[in-house]
Amino acid sequence: MSDQKGKHIAIYGKGGIGKSTTTSNISAALATDGYRVIQIGCDPKSDSTNVLRGNEYLPTVLDTMRDGSKVHLDDISRVGFGGVLCIESGGPVPGVGCAGRGINAAVSLLQELKLFDEFKPDYVLYDVLGDVVCGGFAVPIRDGITDRAYVVSSSDFMAIYAANNLFKAISKYAPSGGAKLGGIIANGLSAGYSQSIIDDFAKKTGTSVAGYVPRSLTVSQSELYGKTVIEASPESEHAELYRKLAKTIAENEDLVVPSPIGAQDLRSWARDWGDKIFKLEQGVLEGNREGI
Ligand code: ADP
Ligand code: MG
(Lines give C-alpha, C1' and ligand atoms only; values in the text may rest on other atoms or scores of the structure.)
(Ligands and ions follow the chains in the order given, each with its own letter.)
Protein backbone atom coordinates (compact mmCIF):
# COMPACT_ATOMS: atom_id res chain seq x y z
CA MET A 1 0.00 0.00 0.00
CA SER A 2 1.12 3.51 -0.70
CA ASP A 3 1.03 6.45 1.66
CA GLN A 4 -2.55 7.18 0.64
CA LYS A 5 -4.85 8.70 3.22
CA GLY A 6 -7.81 6.77 4.61
CA LYS A 7 -9.07 3.28 4.00
CA HIS A 8 -9.32 2.42 0.31
CA ILE A 9 -11.96 -0.23 -0.35
CA ALA A 10 -12.81 -1.89 -3.67
CA ILE A 11 -16.31 -3.26 -4.25
CA TYR A 12 -16.41 -5.88 -7.03
CA GLY A 13 -19.16 -7.94 -8.60
CA LYS A 14 -20.65 -8.86 -11.93
CA GLY A 15 -22.50 -6.26 -14.02
CA GLY A 16 -26.00 -5.46 -12.77
CA ILE A 17 -25.60 -7.25 -9.44
CA GLY A 18 -26.01 -4.10 -7.33
CA LYS A 19 -22.45 -2.77 -6.83
CA SER A 20 -23.27 0.88 -7.46
CA THR A 21 -26.46 0.79 -5.39
CA THR A 22 -24.69 -0.90 -2.48
CA THR A 23 -21.54 1.24 -2.71
CA SER A 24 -23.54 4.48 -2.89
CA ASN A 25 -25.59 3.52 0.16
CA ILE A 26 -22.43 2.61 2.08
CA SER A 27 -20.87 5.97 1.10
CA ALA A 28 -24.04 7.82 2.10
CA ALA A 29 -24.21 5.98 5.45
CA LEU A 30 -20.55 6.74 6.23
CA ALA A 31 -20.97 10.38 5.20
CA THR A 32 -24.02 10.89 7.43
CA ASP A 33 -21.93 9.42 10.22
CA GLY A 34 -19.54 12.34 9.74
CA TYR A 35 -16.79 10.66 7.72
CA ARG A 36 -15.13 12.19 4.66
CA VAL A 37 -15.87 9.88 1.76
CA ILE A 38 -14.85 9.67 -1.89
CA GLN A 39 -16.60 7.27 -4.26
CA ILE A 40 -14.83 6.46 -7.51
CA GLY A 41 -16.82 4.61 -10.16
CA CYS A 42 -14.48 2.26 -12.04
CA ASP A 43 -16.99 0.95 -14.53
CA PRO A 44 -17.16 2.00 -18.18
CA LYS A 45 -20.93 2.42 -17.52
CA SER A 46 -20.00 5.56 -15.51
CA ASP A 47 -23.18 5.56 -13.43
CA SER A 48 -21.70 4.57 -10.09
CA THR A 49 -22.48 7.78 -8.25
CA ASN A 50 -25.79 8.67 -9.95
CA VAL A 51 -27.96 8.23 -6.87
CA LEU A 52 -25.56 10.30 -4.78
CA ARG A 53 -25.98 13.27 -7.13
CA GLY A 54 -29.61 13.10 -8.26
CA ASN A 55 -28.54 11.79 -11.68
CA GLU A 56 -26.79 15.08 -12.59
CA TYR A 57 -24.32 14.88 -15.48
CA LEU A 58 -20.71 14.34 -14.43
CA PRO A 59 -17.93 14.20 -17.05
CA THR A 60 -15.69 11.15 -16.62
CA VAL A 61 -11.97 11.39 -15.88
CA LEU A 62 -11.01 9.60 -19.09
CA ASP A 63 -13.27 11.68 -21.33
CA THR A 64 -11.86 14.85 -19.78
CA MET A 65 -8.28 13.62 -20.16
CA ARG A 66 -8.96 12.76 -23.81
CA ASP A 67 -9.87 16.39 -24.47
CA GLY A 68 -6.17 17.13 -24.07
CA SER A 69 -6.55 20.23 -21.90
CA LYS A 70 -5.30 20.40 -18.30
CA VAL A 71 -7.75 18.64 -15.99
CA HIS A 72 -8.87 20.32 -12.77
CA LEU A 73 -10.52 18.46 -9.93
CA ASP A 74 -13.67 20.56 -10.31
CA ASP A 75 -14.08 19.32 -13.89
CA ILE A 76 -14.27 15.68 -12.90
CA SER A 77 -15.86 15.65 -9.45
CA ARG A 78 -19.11 16.66 -7.80
CA VAL A 79 -20.05 16.87 -4.17
CA GLY A 80 -23.02 14.58 -3.65
CA PHE A 81 -25.32 13.69 -0.78
CA GLY A 82 -23.79 14.14 2.65
CA GLY A 83 -20.64 15.65 1.13
CA VAL A 84 -19.53 12.46 -0.67
CA LEU A 85 -17.05 13.43 -3.40
CA CYS A 86 -18.18 11.65 -6.58
CA ILE A 87 -15.85 10.70 -9.42
CA GLU A 88 -16.36 8.46 -12.48
CA SER A 89 -13.21 7.06 -14.09
CA GLY A 90 -15.08 6.33 -17.31
CA GLY A 91 -13.95 3.85 -19.90
CA PRO A 92 -12.05 3.50 -23.12
CA VAL A 93 -13.65 4.46 -26.42
CA PRO A 94 -16.11 1.56 -26.98
CA GLY A 95 -14.37 -1.29 -28.74
CA VAL A 96 -10.92 0.21 -28.26
CA GLY A 97 -8.49 -0.03 -25.36
CA CYS A 98 -8.67 -1.61 -21.93
CA ALA A 99 -10.93 -0.56 -19.06
CA GLY A 100 -8.26 -1.49 -16.51
CA ARG A 101 -5.72 0.86 -18.00
CA GLY A 102 -8.41 3.51 -17.79
CA ILE A 103 -8.79 2.93 -14.07
CA ASN A 104 -5.03 3.18 -13.64
CA ALA A 105 -4.84 6.41 -15.64
CA ALA A 106 -7.72 7.89 -13.65
CA VAL A 107 -6.21 7.01 -10.26
CA SER A 108 -2.78 8.29 -11.33
CA LEU A 109 -4.36 11.57 -12.32
CA LEU A 110 -6.18 11.84 -8.97
CA GLN A 111 -2.85 11.27 -7.20
CA GLU A 112 -1.21 13.90 -9.41
CA LEU A 113 -3.96 16.34 -8.49
CA LYS A 114 -3.18 15.51 -4.84
CA LEU A 115 -6.82 14.63 -4.26
CA PHE A 116 -6.12 12.26 -1.40
CA ASP A 117 -3.71 14.65 0.32
CA GLU A 118 -6.03 17.59 0.05
CA PHE A 119 -9.45 16.03 0.59
CA LYS A 120 -8.08 13.86 3.41
CA PRO A 121 -10.72 11.13 3.06
CA ASP A 122 -11.50 8.68 5.82
CA TYR A 123 -12.82 6.26 3.19
CA VAL A 124 -12.34 5.90 -0.56
CA LEU A 125 -14.72 3.43 -2.19
CA TYR A 126 -13.94 2.05 -5.67
CA ASP A 127 -16.96 0.58 -7.44
CA VAL A 128 -15.36 -1.86 -9.89
CA LEU A 129 -16.97 -3.93 -12.63
CA GLY A 130 -15.50 -7.26 -11.73
CA ASP A 131 -15.96 -10.23 -13.93
CA VAL A 132 -12.15 -10.35 -13.77
CA VAL A 133 -11.64 -12.37 -16.90
CA CYS A 134 -9.61 -9.45 -18.18
CA GLY A 135 -6.54 -8.46 -16.16
CA GLY A 136 -7.58 -4.83 -16.47
CA PHE A 137 -10.32 -5.16 -13.91
CA ALA A 138 -7.79 -6.51 -11.40
CA VAL A 139 -5.93 -3.18 -11.45
CA PRO A 140 -7.29 -1.81 -8.12
CA ILE A 141 -6.46 -5.00 -6.21
CA ARG A 142 -3.21 -5.68 -8.02
CA ASP A 143 -1.48 -2.33 -8.22
CA GLY A 144 -1.64 -1.19 -4.59
CA ILE A 145 -4.62 1.11 -5.11
CA THR A 146 -6.62 -0.73 -2.43
CA ASP A 147 -5.65 -3.23 0.23
CA ARG A 148 -9.12 -4.70 0.65
CA ALA A 149 -11.95 -5.82 -1.59
CA TYR A 150 -15.55 -6.90 -1.09
CA VAL A 151 -17.67 -8.70 -3.63
CA VAL A 152 -21.37 -8.18 -4.21
CA SER A 153 -23.10 -11.42 -5.15
CA SER A 154 -26.56 -12.92 -5.31
CA SER A 155 -27.10 -16.66 -5.14
CA ASP A 156 -27.25 -16.87 -8.95
CA PHE A 157 -24.54 -18.97 -10.51
CA MET A 158 -23.15 -16.23 -12.75
CA ALA A 159 -22.75 -13.88 -9.78
CA ILE A 160 -21.01 -16.60 -7.77
CA TYR A 161 -18.88 -17.47 -10.80
CA ALA A 162 -17.72 -13.81 -10.97
CA ALA A 163 -17.06 -13.76 -7.20
CA ASN A 164 -15.00 -16.95 -7.54
CA ASN A 165 -13.01 -15.32 -10.36
CA LEU A 166 -12.27 -12.37 -8.09
CA PHE A 167 -11.10 -14.84 -5.43
CA LYS A 168 -8.75 -16.35 -8.02
CA ALA A 169 -7.32 -12.90 -8.80
CA ILE A 170 -6.92 -12.05 -5.10
CA SER A 171 -5.21 -15.34 -4.28
CA LYS A 172 -2.87 -14.76 -7.22
CA TYR A 173 -1.85 -11.22 -6.34
CA ALA A 174 -2.10 -11.17 -2.51
CA PRO A 175 1.29 -12.90 -1.98
CA SER A 176 3.00 -10.04 -3.85
CA GLY A 177 1.23 -7.29 -1.94
CA GLY A 178 -2.18 -7.26 -3.63
CA ALA A 179 -5.43 -6.67 -1.78
CA LYS A 180 -7.16 -9.21 0.44
CA LEU A 181 -10.84 -9.99 0.78
CA GLY A 182 -13.02 -8.32 3.44
CA GLY A 183 -16.08 -10.42 2.63
CA ILE A 184 -19.09 -11.07 0.45
CA ILE A 185 -22.05 -8.70 0.34
CA ALA A 186 -25.09 -10.87 -0.36
CA ASN A 187 -27.47 -8.72 -2.39
CA GLY A 188 -30.91 -9.24 -3.84
CA LEU A 189 -31.69 -12.46 -2.00
CA SER A 190 -35.34 -13.43 -2.25
CA ALA A 191 -35.92 -17.18 -1.94
CA GLY A 192 -35.27 -18.86 1.39
CA TYR A 193 -32.52 -21.10 0.08
CA SER A 194 -30.55 -18.16 -1.43
CA GLN A 195 -28.88 -17.38 1.87
CA SER A 196 -27.87 -21.03 2.32
CA ILE A 197 -26.22 -21.03 -1.12
CA ILE A 198 -24.19 -17.89 -0.37
CA ASP A 199 -23.30 -19.16 3.11
CA ASP A 200 -22.13 -22.46 1.67
CA PHE A 201 -20.05 -20.70 -1.01
CA ALA A 202 -18.44 -18.54 1.70
CA LYS A 203 -17.67 -21.60 3.81
CA LYS A 204 -16.17 -23.49 0.86
CA THR A 205 -13.90 -20.57 -0.09
CA GLY A 206 -12.75 -19.67 3.44
CA THR A 207 -14.52 -16.31 3.31
CA SER A 208 -17.42 -14.73 5.18
CA VAL A 209 -20.57 -12.75 4.48
CA ALA A 210 -20.31 -9.09 5.56
CA GLY A 211 -24.03 -8.48 5.22
CA TYR A 212 -27.29 -9.57 3.62
CA VAL A 213 -29.36 -7.09 1.64
CA PRO A 214 -32.65 -8.61 0.42
CA ARG A 215 -34.41 -7.43 -2.71
CA SER A 216 -36.61 -4.50 -1.86
CA LEU A 217 -39.03 -2.04 -3.37
CA THR A 218 -37.48 0.71 -1.22
CA VAL A 219 -34.23 0.30 -3.19
CA SER A 220 -36.02 0.47 -6.57
CA GLN A 221 -38.13 3.44 -5.48
CA SER A 222 -35.11 5.37 -4.17
CA GLU A 223 -33.30 4.78 -7.46
CA LEU A 224 -36.28 6.20 -9.37
CA TYR A 225 -36.02 9.33 -7.21
CA GLY A 226 -32.28 9.51 -8.05
CA LYS A 227 -31.36 9.00 -4.40
CA THR A 228 -29.79 6.49 -2.07
CA VAL A 229 -32.06 4.70 0.39
CA ILE A 230 -30.16 6.52 3.14
CA GLU A 231 -31.35 9.84 1.72
CA ALA A 232 -34.81 8.91 0.40
CA SER A 233 -35.96 6.60 3.22
CA PRO A 234 -33.68 7.07 6.21
CA GLU A 235 -36.15 5.42 8.58
CA SER A 236 -36.65 2.31 6.44
CA GLU A 237 -35.50 -1.18 7.29
CA HIS A 238 -33.14 -1.12 4.30
CA ALA A 239 -31.51 2.15 5.40
CA GLU A 240 -30.78 0.42 8.71
CA LEU A 241 -29.34 -2.60 6.84
CA TYR A 242 -27.05 -0.34 4.78
CA ARG A 243 -25.90 1.57 7.90
CA LYS A 244 -25.08 -1.72 9.60
CA LEU A 245 -23.21 -2.95 6.51
CA ALA A 246 -21.28 0.33 6.27
CA LYS A 247 -20.23 0.03 9.91
CA THR A 248 -19.12 -3.58 9.43
CA ILE A 249 -17.03 -2.67 6.37
CA ALA A 250 -15.59 0.44 8.01
CA GLU A 251 -14.45 -1.46 11.08
CA ASN A 252 -13.50 -4.84 9.63
CA GLU A 253 -9.80 -5.65 9.73
CA ASP A 254 -10.27 -9.38 9.33
CA LEU A 255 -8.99 -9.67 5.75
CA VAL A 256 -8.40 -13.06 4.16
CA VAL A 257 -6.89 -14.65 1.08
CA PRO A 258 -9.80 -16.71 -0.28
CA SER A 259 -9.51 -20.27 -1.58
CA PRO A 260 -11.29 -20.18 -4.92
CA ILE A 261 -13.11 -23.28 -6.11
CA GLY A 262 -11.66 -25.01 -9.21
CA ALA A 263 -13.69 -24.92 -12.42
CA GLN A 264 -14.85 -28.57 -12.24
CA ASP A 265 -15.62 -28.44 -8.53
CA LEU A 266 -17.60 -25.24 -8.95
CA ARG A 267 -19.74 -26.94 -11.57
CA SER A 268 -20.44 -29.99 -9.42
CA TRP A 269 -21.07 -27.78 -6.37
CA ALA A 270 -23.66 -25.86 -8.44
CA ARG A 271 -25.24 -29.12 -9.66
CA ASP A 272 -25.58 -30.36 -6.06
CA TRP A 273 -27.39 -27.16 -5.16
CA GLY A 274 -29.56 -27.56 -8.26
CA ASP A 275 -30.64 -30.99 -7.01
CA LYS A 276 -31.30 -29.69 -3.49
CA ILE A 277 -33.44 -26.81 -4.73
CA PHE A 278 -35.38 -29.13 -7.02
CA LYS A 279 -36.17 -31.47 -4.12
CA LEU A 280 -37.12 -28.51 -1.95
CA GLU A 281 -39.52 -27.20 -4.61
CA GLN A 282 -41.05 -30.64 -5.05
CA GLY A 283 -41.48 -30.95 -1.32
CA VAL A 284 -43.25 -27.61 -1.11
CA LEU A 285 -45.53 -28.43 -4.04
CA GLU A 286 -46.45 -31.86 -2.70
CA GLY A 287 -47.08 -30.33 0.71
CA ASN A 288 -49.40 -27.77 -0.83
CA ARG A 289 -51.30 -30.37 -2.77
CA GLU A 290 -51.86 -32.41 0.37
CA GLY A 291 -53.10 -29.34 2.14
CA ILE A 292 -55.84 -28.62 -0.46
P1 ADP B 1 -24.16 -2.73 -10.86
O2 ADP B 1 -23.55 -1.46 -10.37
O3 ADP B 1 -23.57 -3.95 -10.21
O4 ADP B 1 -24.14 -2.84 -12.36
P5 ADP B 1 -26.61 -1.54 -9.91
O6 ADP B 1 -26.24 -1.11 -8.55
O7 ADP B 1 -26.67 -0.48 -10.98
O8 ADP B 1 -25.69 -2.74 -10.42
O9 ADP B 1 -28.00 -2.30 -9.79
C10 ADP B 1 -28.70 -2.82 -10.91
C11 ADP B 1 -30.20 -2.68 -10.67
O12 ADP B 1 -30.60 -3.50 -9.57
C13 ADP B 1 -30.62 -1.25 -10.31
O14 ADP B 1 -31.81 -0.93 -10.97
C15 ADP B 1 -30.81 -1.30 -8.80
O16 ADP B 1 -31.76 -0.38 -8.33
C17 ADP B 1 -31.30 -2.73 -8.60
N18 ADP B 1 -30.98 -3.25 -7.25
C19 ADP B 1 -29.76 -3.45 -6.71
N20 ADP B 1 -29.84 -3.95 -5.46
C21 ADP B 1 -31.19 -4.07 -5.20
C22 ADP B 1 -31.96 -4.53 -4.06
N23 ADP B 1 -31.37 -4.99 -2.95
N24 ADP B 1 -33.32 -4.49 -4.16
C25 ADP B 1 -33.93 -4.04 -5.29
N26 ADP B 1 -33.26 -3.60 -6.38
C27 ADP B 1 -31.92 -3.62 -6.35
MG1 MG C 1 -22.64 0.04 -11.48
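Calculation criteria
- Residues numbered from 1 in each chain as written.
- Chains lettered and ligands numbered in written order.
- Predicted model: local features only at pLDDT ≥ 70, side-chain atom pairs only at ≥ 80, totals over all residues.
- Heavy atoms only, no water.
- Near = heavy atom within 4 Å.
- Polar contact = N/O pair within 3.5 Å; in protein donor to acceptor, adjacent residues only side chain to side chain.
- Areas by Shrake-Rupley, 256 points an atom, 1.4 Å probe, with all protein chains shown as cover.
- Helix = DSSP H or I, 4+ residues; strand = E, 2+ residues; numbered from the N terminus.
- Nonpolar A, V, L, I, M, F, W, Y, C, P; charged D, E, K, R; others polar.
- Axes fitted to C-alpha atoms, helices over the stretch in contact; angles between N-to-C directions.
- Parallel < 35°, antiparallel > 145°, perpendicular 65-115°, else oblique.
- Contact = heavy atoms within 4.5 Å.
- Patch = residues over 30% accessible without salt bridge, like charges linked within 9 Å, V, L, I, M, F, W, Y side chains within 5 Å.
- Salt bridge = Lys/Arg side-chain N within 4 Å of Asp/Glu carboxyl O.

Asks: For the site of ligand 1, give the residues involved together with the corresponding values.
Replies: Lining the immediate environment of ligand 1, one finds 17 residues, of which Gly16, Lys19, Ser20, Thr21 and Glu223 sit closest. Note that an oxygen atom of ligand 1 is positioned 3.0 Å from one of the side-chain N or O atoms of lysine 45. At 3.0 Å from a nitrogen atom of ligand 1 is found a side-chain nitrogen or oxygen belonging to asparagine 187. Coverage of ligand 1 by the protein amounts to 86% of the 560 Å² it exposes when considered alone. Mapped by element, the contributors of at least two residues to the shell around ligand 1 are α1 (19–32), β8 (209–214) and α9 (217–224). Classifying every residue of the shell around ligand 1 gives four nonpolar, eight polar and five charged.

Asks: With reference to specific residues and values, describe the packing of α1 against helix α11 (residues 237–251).
Replies: Relative orientation and spacing of two packed helices are given, respectively, by the angle between their axes and the distance between those axes. The N-to-C vectors of α1 and α11 enclose an angle of 80°; their axes lie 8 Å apart at closest approach. What the angle tells us is that α1 and α11 run roughly perpendicular. Here α1 contributes Thr21, Thr22, Asn25, Ile26, Ala29 and Leu30 to the contact with α11, which in turn contributes Tyr242, Arg243, Leu245, Ala246, Ile249 and Ala250. Among the residues forming the contact of α1 with α11, the class breakdown is eight nonpolar, three polar and one charged.

Asks: Tell me about a nonpolar patch on the surface, and please be specific about residues and values.
Replies: Together, Phe157, Met158 and Tyr161 give the surface a local cluster of nonpolar side chains, amounting to about 280 Å² of exposed area. For tyrosine 161, the location among the structural elements is in helix α7 (residues 157–173).

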